Amino acid sequence: MNFDFDNWYSNITKNDVVFSYNGEVTSEVVNKTLDEIEALLLQNGLKKKKVKRAYNAIVESLQNLYHHSIHEPNRESGSKFGAFVLKVRNDDIEIISGNYLIFNIVQVIKDRMDQINILDKQDVKALYKKILSNQEFSEKGGGGLGMVDIAKRTGSKLNYSFFEFDEKYSFFELKVDI
Amino acid sequence: MENISIKATPKTPTVDFIAESGKVEIKGRSIPENSIEFYKPLVDWLDSYAADPKEETEVNIQLEYFNTSSSKCILDVFKKLEAIHKDGHNVKINWYFEEDDEDMLEAGEDYQSIIKIPFKMIETEEE
């Protein structure tokens, strides 16, 4: 079955949601979301160290959407469409982000994520340093470090999925647990 | 040469680069979407400063957050400082991290291992 965004979004926003957004991901949206979220996390009585770690992963997730999201196929929802959900349950924080992408880059991203996922903690750190000292930026201004940074800080595997929308587009979902 | 003095915003740090006293300070949050735009003037300033640096340059980096695109730009800043150090001038780098913020300490250690200048790691109390 082809990917249905509304269905996906309603599923991920069922429980424990403290913040959710779907729509155009502009710089203003990123700013506003970051402001609101920091206050929300601190209100939830979570430890500062955890809030900091979560905030970092949220920044990377949102900026990933900002740099890489594209329009929503077959709908008029702006040129950068993305979804972002923050859940808190007891002491656990979950960050879910999603965006469409062109089908033919799915394999490249999958390979990159899998390469990170087979590494142990020390190797993730080494990879981070290697990319950091290799002074290059992608054409969109990302340093290619975002995913490695998330893996490094959370100490867990990158929990991602791709859902096929049609022969041209797929939907990318990333879940980060803190 | 002109000094750089930039006030903090929610996404960019306070910056004070003062040529007469050889002081280089970056403090606060560095999470802009386009870090290159923010850091380019700082890196250019260090390039000019390197032509006639003070006997000792004191660098204070006290970041609460920085995103991955800033991390590369911060490395560019350190590379310029490394060049000044290599030319035989004193460069002292103080890397501040908040008590319990292991990630920030580790980030400093990562830079220290790439840059050939000793870092002083300074723990500050949680605000």
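What this report covers is the structure whose coordinates are included nearby. If you're wondering where the values come from, they're calculated on a predicted model, not measured in any experiment.

### Regarding helix α2 (residues 68-86) of chain B
Residues and elements named next belong to chain B. For α2, spanning 19 residues, the distance from its first C-alpha to its last is 27 Å, which sits close to the expected 27 Å at 1.5 Å a residue. For α2, a buried count of 14 out of 19 residues is recorded, marking the element as mostly surrounded by other parts of the structure. Count one or two residues on from α2 and you reach G88, which has phi positive near 100 degrees.

### So, the environment of G108 of chain B
Residues and elements named next belong to chain B. For G108, the position within the fold is in helix α3 (residues 102-114). The buried category is assigned to G108, around which 21 C-beta atoms lie within 10 Å. Look past the residues within four positions of G108 in its chain and what remains in contact with it is W95, F97, F119 and M121.

### What about the pairing of strand β2 (residues 14-18) of chain B?
Residue and element names in this part refer to chain B. Judged by which residues are buried, β2 turns out to be one-sided: V15 and F17 face inward and are buried, whereas T14, D16 and I18, on the alternate face, are not. As paired strands, strand β1 (residues 4-6) and β2 are joined by three bridges and run antiparallel to one another. Each residue of the ladder has a partner; that of I4, found in β2, is F17. In the sheet, β2 pairs with strand β3 (residues 23-30) via five bridges, with the strands oriented antiparallel. Each bridged residue has a counterpart across the sheet, and for D16 the counterpart in β3 is E25.

### Comments concerning the interface of chain B and chain A
Contact with chain B, which involves 19 residues of that partner, is made by 26 residues of chain A. When contributions to the side of chain B that touches chain A are tallied by element, the ones reaching two or more residues are α2 and α3 of chain B. At five residues, the largest contribution of residues to the side of chain B that touches chain A is made by α2 of chain B. Tallied by class, residues from the side of chain B that touches chain A come to six nonpolar, five polar and eight charged.

### Some words on the sheet that holds strand β1 (residues 17-24) of chain A
Residues and elements named next belong to chain A. Taken in spatial order, the five strands of this open sheet run β1-β2-β3-β5-β4, and their pairing is antiparallel. The open sheet has two edge strands, β1 and β4 (159-164), and neither has a second partner. Neighbour to neighbour, the strand axes of the sheet diverge by 10 degrees on average, direction disregarded. Examined bridge by bridge, strand β2 (residues 81-89) and strand β3 (residues 92-102) share eight bridges and lie antiparallel to one another. The residue bridging A83 from the neighbouring strand is G98, located in β3. Contacts from helix α3 (residues 48-68) reach β2, β3 and β5 (169-177) within the one sheet, and its direction differs from that of β3 by about 10 degrees.

### So, unusual backbone geometry
Residue and element names in this part refer to chain A. Positive phi outside glycine occurs at N74, with the angle close to 65 degrees. For N74, the position within the fold is in the loop between α3 and β2. Positive phi outside glycine occurs at N90, with the angle close to 55 degrees.

### Some thoughts on helix α2 (residues 27-43) of chain A
Residues and elements named next belong to chain A. Taking 1.5 Å per residue as the helical rise, α2 with its 17 residues ought to reach 24 Å, and the 25 Å between its terminal C-alpha atoms agrees with that figure. Taken residue by residue, α2 has V30, L34, I37 and L41 as its buried positions. Viewed along the axis of α2, the buried residues span an arc of 75 degrees, placing them on a single side of the element. In α2, the exposed positions angled more than 90 degrees off the buried face are occupied by E28, K32, D35, A39 and Q43.

### Details of the nonpolar core
Judged by nonpolar contacts, the single largest core of 69 residues is most densely connected at A54, I58, L62 and I95 of chain A together with V77 and L81 of chain B. Here this core takes nine residues from α3 of chain A, the largest share from any one element.

### Re the sheet that holds strand β4 (residues 56-66) of chain B
Two pairing modes exist for strands in a sheet, parallel and antiparallel, and in both the strands are linked by backbone hydrogen bonds. All names here are of chain B. The strand order across the open sheet formed by six strands is β1-β2-β3-β4-β5-β6, and the pairing between neighbours is mixed. Each of the sheet's edge strands pairs with one partner strand only, and the pair in question is β1 and β6 (119-124). Each neighbouring strand pair of the sheet contributes to a mean axis angle of 15 degrees, computed without reference to strand direction. Looking at chain direction, strand β5 (residues 90-98) and β6 are connected through six bridges and run parallel. By the bridge assignment, N94 is partnered in β6 with K120.

Conventions we followed
Residues numbered from 1 in each chain as written. Chains lettered and ligands numbered in written order. Predicted model: local features only at pLDDT ≥ 70, side-chain atom pairs only at ≥ 80, totals over all residues. Helix = DSSP H or I, 4+ residues; strand = E, 2+ residues; numbered from the N terminus. Expected span 1.5 Å × (residues − 1). Buried ≥ 20, exposed ≤ 12 C-beta atoms within 10 Å, placed from the backbone. Contact = placed C-beta atoms within 7 Å. Pairing = 2+ DSSP bridges. Nonpolar A, V, L, I, M, F, W, Y, C, P; charged D, E, K, R; others polar. Axes fitted to C-alpha atoms, helices over the stretch in contact; angles between N-to-C directions. Arc of directions from axis to C-beta. Core = buried A, V, L, I, M, F, W, Y, C linked by C-beta atoms within 7 Å.

Shape descriptors only; they carry no functional weight alone.
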